[in-house]
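Given next are the chains, with one letter for each unit.
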Amino acid sequence: MSTLVFYSEFDSFEEWSALLAPHLPGVTICRAETVQNPDEVHYALAWKPPHGFFAPYRNLKLLVNLGAGVDSLVGRDDLPAIPIVRLSDPDMSRMMAGYVLFAVLRYARDIPAFERAQREQRWHYLHPRTPSGIRVGVLGLGELGAYTAQELARQGFDVRGWSRTPKTIDNIRCSSGLGSLNDFLSQSDILVVMLPLTLHTAGLLSAERLACLPSGAAFINVSRGAIVDQAALTKALRSGQIAQATLDVFDREPLPPDDPLWGMDNVLITPHLASVAIPASAAQQVAENIQRAARGEPVSGQVFPARGY
């Protein structure tokens, strides 16, 4: 017998269990608190499990991460050296691209200015800008970043992308390496942060780098809060150096009630939901990887937490 243990504070155990069970006959699917025999736990499906979560499971063979980011799995002493895979679900990519496209279009069409005018009962006309005249910088060209950059390009924006290592993407002007980062930032009227959180990217967007953005730029973060100096970002938003921000992630989550970002009318805050795992479209992929692991075959979508992706 084999057991799959599930952990997530955000995802539905009932939904995942119902969708996985038909694909995994002979595998018991349960939450940690209902595991009967820890030695039979061969698989884990988890998102940000607490410290020590994996310690009881000495025969763990595979961990499926319920999301794209693996930073919560770095430096753990309870996780054995097993394959770790992340979901690579087209619906997650579409969801992320849709959120970013909404945020970019909101700034490209000056919607915040109209929202303020409506609150003041003031008729306020601003002539629409053409997308080709707006430079959108996508910082991070992994699976989600590349997909999002292409969606933005399809809308006619002047899209530029930056990554640590060289990438080539149709219709995207790509640059790479720290030596080109400041120049990339200086050409981003709207910056979209889509990097994984790693030792190399933590604190990457310092006050000095944020100051490279064009005056009045818009800032969108859908990756991890720790990539940016949040205090410096707040200061830049107060001064107007950065005019607007859409923030889905923060250096502390939930964002504390006394954080000044809550009270800023040029900031839109959402609770880390730009893209989430969709059980209906991802369950078969999860089951197939579990089946491969059971047969001793290589899994697909393996990630390496120390590398960050």
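What counts, and where the lines are drawn
Residues numbered from 1 in each chain as written. Predicted model: local features only at pLDDT ≥ 70, side-chain atom pairs only at ≥ 80, totals over all residues. Heavy atoms only, no water. Pairing = 2+ DSSP bridges. Helix = DSSP H or I, 4+ residues; strand = E, 2+ residues; numbered from the N terminus. Axes fitted to C-alpha atoms, helices over the stretch in contact; angles between N-to-C directions. 1 Å grid on protein atoms, 1.4 Å probe; cavity = no way out; pocket = protein on both sides within 12 Å on 5 of 7 lines; lining within 4 Å. Points joined across faces, edges and corners; volume = space filled by probe spheres on them. Contact = heavy atoms within 4.5 Å. Parallel < 35°, antiparallel > 145°, perpendicular 65-115°, else oblique. Left-handed = near helix turned anticlockwise from the far one by under 90°. Nonpolar A, V, L, I, M, F, W, Y, C, P; charged D, E, K, R; others polar. Core = buried A, V, L, I, M, F, W, Y, C linked by side-chain atoms within 4.5 Å. Buried < 20%, exposed > 50% of the residue type's maximum accessible area, 1.4 Å probe, protein only. Salt bridge = Lys/Arg side-chain N within 4 Å of Asp/Glu carboxyl O.

- The protein chain is annotated in an unreviewed UniProt entry as Glyoxylate/hydroxypyruvate reductase A of Phytobacter palmae.

### Things to note about the sheet that holds strand β7 (residues 158–163)
Part 1 of the reasoning: Sheet architecture is open: seven strands sit in the order β8-β7-β6-β9-β10-β11-β12, paired in parallel fashion. Looking at the sheet topology across the chains shown, the edges are occupied by β8 (173–176) and β12 (267–269). Taking the axes of each pair of neighbouring strands and ignoring which way they run, one obtains an average angle of 15 degrees across the sheet.
Part 2 of the reasoning: Sheet topology places strand β6 (residues 135–139) next to strand β9 (residues 190–193); four bridges connect them, and they run parallel.

### What about the layout of surface pockets?
Empty space among the atoms can be located by rolling a probe the size of a water molecule over them.
Part 1 of the reasoning: Quantified by volume, the second largest pocket comes out at close to 230 Å³.
Part 2 of the reasoning: Taken together, 16 residues line the second largest pocket, and the ones lying closest to its centre are Tyr107, Asp110, Arg129, Gly216 and Gln244.
Part 3 of the reasoning: For the lining of the second largest pocket, the secondary-structure elements that each account for two or more residues are α3 (111–119), β10 (217–221) and β11 (242–247).
Part 4 of the reasoning: Looking at which element gives the most residues to the lining of the second largest pocket, the answer is α3, with three residues.

### Here's the deal with the sheet that holds strand β1 (residues 2–7)
Part 1 of the reasoning: Taken together, six strands build an open sheet; the order of strands is β2-β1-β3-β4-β5-β13 and the sheet is mixed. The outermost strands of the open sheet, each flanked by one partner alone, are β2 (27–31) and β13 (302–303).
Part 2 of the reasoning: As paired strands, strand β3 (residues 41–46) and strand β4 (residues 62–65) are joined by four bridges and run parallel to one another. Bridge pairing in β4 links Tyr43 to Leu62.

### Regarding the environment of Ala293
Part 1 of the reasoning: With respect to the element layout, Ala293 can be found in helix α8 (residues 279–294).
Part 2 of the reasoning: In the structure, Ala293 is positioned 231 residues away from Leu62 in sequence and 6.8 Å away in space, judged by C-alpha atoms.
Part 3 of the reasoning: Beyond its immediate chain neighbours, meaning those up to four positions away, Ala293 contacts Tyr43, Leu62 and Val299.

### Digging into the packing of helix α2 (residues 90–108) against helix α4 (residues 143–154)
Part 1 of the reasoning: Between α2 and α4, the shortest axis-to-axis distance is 9 Å and the interhelical angle comes to 50 degrees. Comparing the axis directions of α2 and α4 gives the class oblique. Between α2 and α4 lies a crossing of right-handed hand. Contact residues: α2 offers Met92, Ser93, Arg94, Met96, Ala97, Val100, Leu101 and Val104, while α4 offers Glu143, Leu144, Tyr147, Thr148, Glu151 and Leu152.
Part 2 of the reasoning: Its residues assigned to classes, the contact of α2 with α4 comprises nine nonpolar, two polar and three charged.

### Here's the deal with the nonpolar core
Part 1 of the reasoning: In terms of nonpolar packing, the biggest core is built from 29 residues, with Leu139, Leu191, Leu205, Leu210 and Phe219 touching the most fellow members.
Part 2 of the reasoning: Going through the elements one at a time, α5 (181–186), β9, β10, α7 (230–239) and β11 are the ones with two or more residues in this core.
Part 3 of the reasoning: The element best represented in this core is α7, accounting for four residues.
Part 4 of the reasoning: Once residues lying within four places of it in the same chain are set aside, the contact partners of Leu191 are Gly137, Leu139, Phe184, Leu185, Leu205, Leu213, Ala218, Phe219 and Ile220.

### Side note on the pattern of salt bridges
Part 1 of the reasoning: As enumerated under the stated definition, the model contains 13 salt bridges in all.
Part 2 of the reasoning: A salt bridge links Asp158 to Arg160; the shortest N-O distance between them is 2.9 Å. Of the two residues, Asp158 and Arg160, neither departs from the other in class, the shared state being buried.
Part 3 of the reasoning: We note a salt bridge from Glu297 to Arg295, for which the minimum N-O separation is 3.0 Å.

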